[in-house]
Amino acid sequence: MELKDKRILLTGASGGIGQAIARRLDQQGAKLWLVGRNLHKLQLLLDDLVGDHTIIITDLNSQEGREKVISSCEQQGLDLFINAVGVMDFQFYEQQDSRVIEQILSTNLVSPMLLCQRLIPILQSQPEAAIVNIGSTFGSIGHPGFTAYCASKFGLRGFTEALQRELADTRIKVSYLAPRATQTELNSDAVRSLNAALGNNTDTPDQVARELMVILSSNQQQRYMGWPEKFFVRLNGLFPGIVHSALVKKLTIVRQYAEKSSHEG
Ligand SMILES: NC(=O)c1ccc[n+]([C@@H]2O[C@H](COP(=O)([O-])OP(=O)(O)OC[C@H]3O[C@@H](n4cnc5c(N)ncnc54)[C@H](OP(=O)(O)O)[C@@H]3O)[C@@H](O)[C@H]2O)c1
């Protein structure tokens, strides 16, 4: 898709990955609606961008908040929706607060689904349109300590795959980008320490933004980031028992950092 003058809705725009995506899209001459709750972060981002963009401050977990976004898109038209919103909590599931579980599922899955449903008719009226959901390696591999987050991202991947097929005979292309661990504030100190202890590689937000640009310029429906993570995604699909054994061996370390995480919280 040629991005110049395209009208793009970017949720999670104040986040680490969202900001990197906004900078890349700005360089391409797109017109952005930058959605988040943190006005200060969005204002700083806007000051750094060249193009004429709009900030929308809203909580996407409320219907009112989503309506605010939808009405802007209805008025101005929309070519592309990039869903880069997300929350994460690192805890063993039995210890996790039920309100946090609801918040993770609402933010990462239910709210993006409800927003997408209302945006589809607006996107349909364009000659060329796209939806991109930012998932995660944890949308394909169930990882201890991230049970609710994994559930939300598995759900987002399933939603994206079904929608891709449902919209296959329309002008809307639907894609899924799955980053591995990325250096943003989404990861608490405990998660960063866990990644270091497990020897997990991390990417910069701009590496994720670059992968997104590859998706937008190709016909790829899904893209997984990082080696060996993308290999483990495949392996888990074909032989989940092997990945299960590997992760169970790391359980003691994961538990140790999850306990640290519950003390942080
Ligand atoms: N970082 C990683 O390791 C990693 C790895 C794989 C996948 N991902 C995925 O990549 C996406 C972006 O993550 P990130 O690393 O950039 O996280 P981040 O820096 O924590 O940013 C999260 C974004 O989500 C927004 N948000 C959260 N709850 C919201 C709500 N109720 N209403 C509106 N906006 C809300 C935040 O807005 P405010 O700050 O303005 O509230 C922020 O813009 C997420 O889907 C995440 O799951 C991240």
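First, a word on scope: everything that follows refers to the structure included in this document.

Conventions and cut-offs
- Residues numbered from 1 in each chain as written.
- Predicted model: local features only at pLDDT ≥ 70, side-chain atom pairs only at ≥ 80, totals over all residues.
- Heavy atoms only, no water.
- Helix = DSSP H or I, 4+ residues; strand = E, 2+ residues; numbered from the N terminus.
- Expected span 1.5 Å × (residues − 1).
- Buried < 20%, exposed > 50% of the residue type's maximum accessible area, 1.4 Å probe, protein only.
- Contact = heavy atoms within 4.5 Å.
- Pairing = 2+ DSSP bridges.
- Right-handed = clockwise from strand over helix to strand, strands pointing away.

**Here we look at unusual backbone geometry**
And step 1. Between Trp227 and Pro228 the backbone carries a cis peptide bond, its omega angle lying at 15°.
And step 2. Looking at the element boundaries, Pro228 is found in the loop between β7 (222-224) and α8 (229-238).
And step 3. Look at Asp5: it is not a glycine, yet its phi comes out positive at around 65°.
And step 4. Relative to the assigned elements, Asp5 resides in the segment before β1 (7-11).

**A word on helix α1 (residues 16-27)**
And step 1. Under the 1.5 Å per step criterion, the end-to-end length of α1 is 17 Å for 12 residues, consistent within 8% with the ideal 16 Å.
And step 2. Every buried residue of α1 is accounted for by Ile17, Gly18, Gln19, Ala20, Ile21, Ala22, Leu25 and Asp26.
And step 3. Contacts made by the buried residues of α1 are with β1, β2 (31-36), α2 (39-48), β4 (80-83), β5 (129-134) and α7 (205-216).
And step 4. At the exit of α1 stands Gly29, carrying a positive phi of roughly 85°.

**Remarks on the pairing of strand β3 (residues 54-57)**
For a regular strand, the rule is simple: side chains alternate between the two faces of the sheet.
And step 1. Pairing of β2 with β3 involves four bridges; the strand directions are parallel. Directly across from Val35, in β3, lies its bridge partner Ile56.
And step 2. In this view, the connection linking β2 to its parallel neighbour β3 by way of α2 has right-handed handedness.

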